[in-house]
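# Remarks on the overall topology
Next come the chains, spelled out residue by residue.
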Amino acid sequence: MRELTKAEEQVMLILWEIKEGLTKDVIEKMSPPKPAYNTVSTVIRVLEGKGFIDHKAIGNTHIYFPLISEAQYKHFAFDKVMNNYFENSYQSLVSFLVKEKNMDIEELDELIQLAEKLKNKK
């Protein structure tokens, strides 16, 4: 799996939401200013080439749908962030969240409880 560009991610978020749709359906869900039809169509073809989406042909119409789930991509993206920025250390990640994102004591407590649950499952 490869990382998505911002435009590709925007299209994928919409396709994950609507499950399947035409190029015009994707454009309708985009925030203004909406890109040109050809621009979105090109992004969709690139995503198809990368194996993120596929289509069903009905006559001359293509209905696009995701092949990669949002959960699969989140897992990939999270692993990439963990590897590139936190050296695969959850301790580094939690330390960053506490220091840089002003995580309050209640949120930290929830995180500790979740970690304990996961630890006990092993």
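As a starting point, this report considers the structure included with it. Keep in mind that this is a model prediction, so the values were computed, not measured.

### Some details on the packing of helix α1 (residues 6-18) against helix α3 (residues 37-49)
Their axes nearest at 10 Å, the elements α1 and α3 cross at an angle of 85 degrees. Accordingly, the angle class assigned to the pair α1 and α3 is roughly perpendicular. Contacts between α1 and α3 involve Ala7, Glu8, Val11 and Met12 on the former and, on the latter, Val43, Ile44, Val46 and Leu47. When grouped by side-chain class, the residues that make up the contact of α1 with α3 number seven nonpolar, no polar and one charged.

### Observations concerning unusual backbone geometry
Here Pro32 and Pro33 are connected by a cis peptide whose omega angle stands at -5 degrees. One can find Pro33 in the loop between α2 (23-29) and α3. In this model, Lys19 sits at a positive phi of 75 degrees, which is unusual for a non-glycine residue. Assignment of secondary structure puts Lys19 in the loop between α1 and α2. Despite not being glycine, Glu87 has its phi angle at roughly 50 degrees, a positive value.

### Examining the packing of helix α4 (residues 70-86) against helix α5 (residues 90-100)
With their axes 10 Å apart at the nearest point, α4 and α5 run at an angle of 85 degrees to one another. On the basis of the axis angle, α4 is roughly perpendicular to α5. In this structure, α4 uses Phe78, Met82 and Phe86 to contact α5, whose residues at the interface are Tyr90, Ser92, Leu93 and Phe96. Looking at the contact of α4 with α5 residue by residue, the class counts come to six nonpolar, one polar and no charged.

### Focus on the nonpolar core
Of all hydrophobic cores here, the largest spans 18 residues; its most connected members are Val11, Met12, Val26, Ile44, Leu47, Phe52 and Ile53. Contributions of two or more residues to this core are made by α1, α2 and α3. If you tally residues by element for this core, the top one is α1, at five residues. Look past the residues within four positions of Ile53 in its chain and what remains in contact with it is Met12, Leu15, Ile44, Leu47, Glu48, Tyr64, Phe65, Pro66 and Leu67.

### A short note on the packing of aromatic side chains
Within a pair of aromatic rings, the relevant descriptors are the distance that separates the centres and the angle that separates the planes. Per the counting criterion, the structure on display carries five aromatic pairs. Ring geometry for Tyr73 against Phe76: centres 5.6 Å apart, planes inclined by 45 degrees, an arrangement best described as tilted. With a gap of three residues between them, Tyr73 and Phe76 both fall in helix α4, about one helical turn apart. With 6.4 Å between their ring centres and 25 degrees between their planes, Phe78 and Tyr90 make a pair best called stacked. Linking Phe78 in helix α4 with Tyr90 in helix α5, this pair joins segments that are 12 residues apart in sequence. Taking the relative accessible area as the measure of exposure, Phe78 reaches 36% and is therefore partly exposed. What makes Tyr90 exposed here is its relative accessible area of 53%. Joined through ring pairs, the aromatic side chains of Trp16, Phe52, Tyr73 and Phe76 make up one cluster.

Criteria and thresholds
Residues numbered from 1 in each chain as written. Predicted model: local features only at pLDDT ≥ 70, side-chain atom pairs only at ≥ 80, totals over all residues. Heavy atoms only, no water. Axes fitted to C-alpha atoms, helices over the stretch in contact; angles between N-to-C directions. Helix = DSSP H or I, 4+ residues; strand = E, 2+ residues; numbered from the N terminus. Parallel < 35°, antiparallel > 145°, perpendicular 65-115°, else oblique. Contact = heavy atoms within 4.5 Å. Nonpolar A, V, L, I, M, F, W, Y, C, P; charged D, E, K, R; others polar. Core = buried A, V, L, I, M, F, W, Y, C linked by side-chain atoms within 4.5 Å. Buried < 20%, exposed > 50% of the residue type's maximum accessible area, 1.4 Å probe, protein only. Phe/Tyr/Trp six-rings, centres within 6.5 Å; stacked < 30°, edge-to-face > 60°.

Nothing here speaks to function; it is all geometry.
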